[in-house]
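Now for the letters of each chain:
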Amino acid sequence: MAQNYNPNTVEKSWYEWWEKSNFFQADPKSSKPPFVIASFCTSLYHRVLACWVVLPPPNVTEALHIGHALTTAIEDTIIRWKRMSGYNTLWVPGMDHAGIATQVVVEKKIMREQKLTRHQVGRDRFVDEVWKWKNEYGGTILKQLRRLGASLDWSRECFTMDEKRSRAVTEAFVRLHKQGLIYRDIRLVNWDCVLRTAISDIEVDYIDIKGRTPLRVLGYETPVEFGVLTSFAYPLEWDLGEIVVATTRVETMLGDTAIAIHPDDPRYKHLHRKFAIHLSHNLILCTLKLILFSRLAISI
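Rules used in this analysis
- Residues numbered from 1 in each chain as written.
- Predicted model: local features only at pLDDT ≥ 70, side-chain atom pairs only at ≥ 80, totals over all residues.
- Heavy atoms only, no water.
- Axes fitted to C-alpha atoms, helices over the stretch in contact; angles between N-to-C directions.
- Helix = DSSP H or I, 4+ residues; strand = E, 2+ residues; numbered from the N terminus.
- Parallel < 35°, antiparallel > 145°, perpendicular 65-115°, else oblique.
- Contact = heavy atoms within 4.5 Å.
- Nonpolar A, V, L, I, M, F, W, Y, C, P; charged D, E, K, R; others polar.
- 1 Å grid on protein atoms, 1.4 Å probe; cavity = no way out; pocket = protein on both sides within 12 Å on 5 of 7 lines; lining within 4 Å.
- Points joined across faces, edges and corners; volume = space filled by probe spheres on them.
- Phe/Tyr/Trp six-rings, centres within 6.5 Å; stacked < 30°, edge-to-face > 60°.
- Buried < 20%, exposed > 50% of the residue type's maximum accessible area, 1.4 Å probe, protein only.
- Lys NZ or Arg CZ within 6 Å of the ring centre and 35° of its normal.

(A) Focus on the packing of helix α3 (residues 100-114) against helix α5 (residues 123-147). Contact geometry for α3 and α5: axes closest at 10 Å, N-to-C directions at 105°. Relative to α5, α3 is oriented roughly perpendicular. Taken together, the residues of α5 that come into contact with α3 (itself represented by T102, Q103, V105, V106, E107, K109, I110 and Q114) are R125, F126, E129, V130 and W133. In terms of residue class, the contact of α3 with α5 is built from 6 nonpolar, 3 polar and 4 charged.

(B) Local environment of the layout of surface pockets. Roughly 1,900 Å³ of volume is contained in the largest pocket. Lining the largest pocket are 40 residues, and of these W191, D192, C193, V217 and F226 sit closest to its centre. Contributing elements (two or more residues each) for the lining of the largest pocket: α3, α4 (118-121), β5 (190-192) and β8 (224-226). Looking at the lining of the largest pocket residue by residue, the classes come out as 23 nonpolar, 7 polar and 10 charged. In this structure, the second largest pocket encloses a volume near 450 Å³.

(C) Local environment of the packing of aromatic side chains. Counting across every chain of the model gives 8 aromatic pairs. Geometrically, the ring pair formed by Y15 and F24 is tilted, given 5.8 Å between the ring centres and 50° between the ring planes. This pair shows no difference in class: Y15 is buried, exactly as F24 is. Each ring, one from F232 and one from Y234, has its centre 5.3 Å from the other, and the planes form 75°; the classification is edge-to-face. Residue classification places F232 among the buried positions, given a relative accessible area of 17%. The rings of W14, Y15, W17, W18, F23 and F24 are connected pair by pair, giving a single aromatic cluster. The ring of F159 carries the charged tip of K134 above its face, separated from the ring centre by 4.9 Å.

By themselves, these are just geometric observations and shouldn't be taken as functional.
Below is the structure:
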């Protein structure tokens, strides 16, 4: 007998035997009593044929960490307890494509190895690179789950970008759109200048700053200045004076096409439908007229 316990030899052989013996596979024809824990739901459903637990799918962007191990241990304890108690159990393994996070990781990999952007690579080749990344790191995640001893039904392994899940997501969005529960509209979004796409609020890191603060921004060689409200004046035609505009992004003035004023503000009553002059330095100095307009829908 070995002096010390060696998990590499003991646990590996046990898990291989468990998996080959199909101990973790659920039987849809079973008459055993049902019991359900749905990790993504807020209530229990008792009108199904199996006790099933959906493994919260880990992101394919990296290997598992201690948090995954904790969740896996808890869910494995629950599913083994119910299985030994005579229930028909199902624990579904899977991975999440992680959306923007995976895109960023793969983009960096392509730039590091090929010195190309995703636009230079093209959509089809970039998708192929994402799948290669998934197969590489997804394989690592599945091996880790097996090493943890998770009693998952591997015959039902899934990935959030595979054909079935993609079809289900499309169907869900179409139904919700027809019911008027999701819709397209004009709204302020979090625009990522590097990814060139809108991202959700949870993808944004908020920083509170007090006054002028230079910060490093991806894609810029030198720090970008934040926390400064810059005021500048547009001269008005017919010697009507000037109108002052304030902004935190003064460089965007080059794209200005109009100035919105509140319809009830007495300071600008005489400027309705008048014009301001926009100076833009190109190869030659030229002027572009901006119209000042007011709308009752404007909120300030």
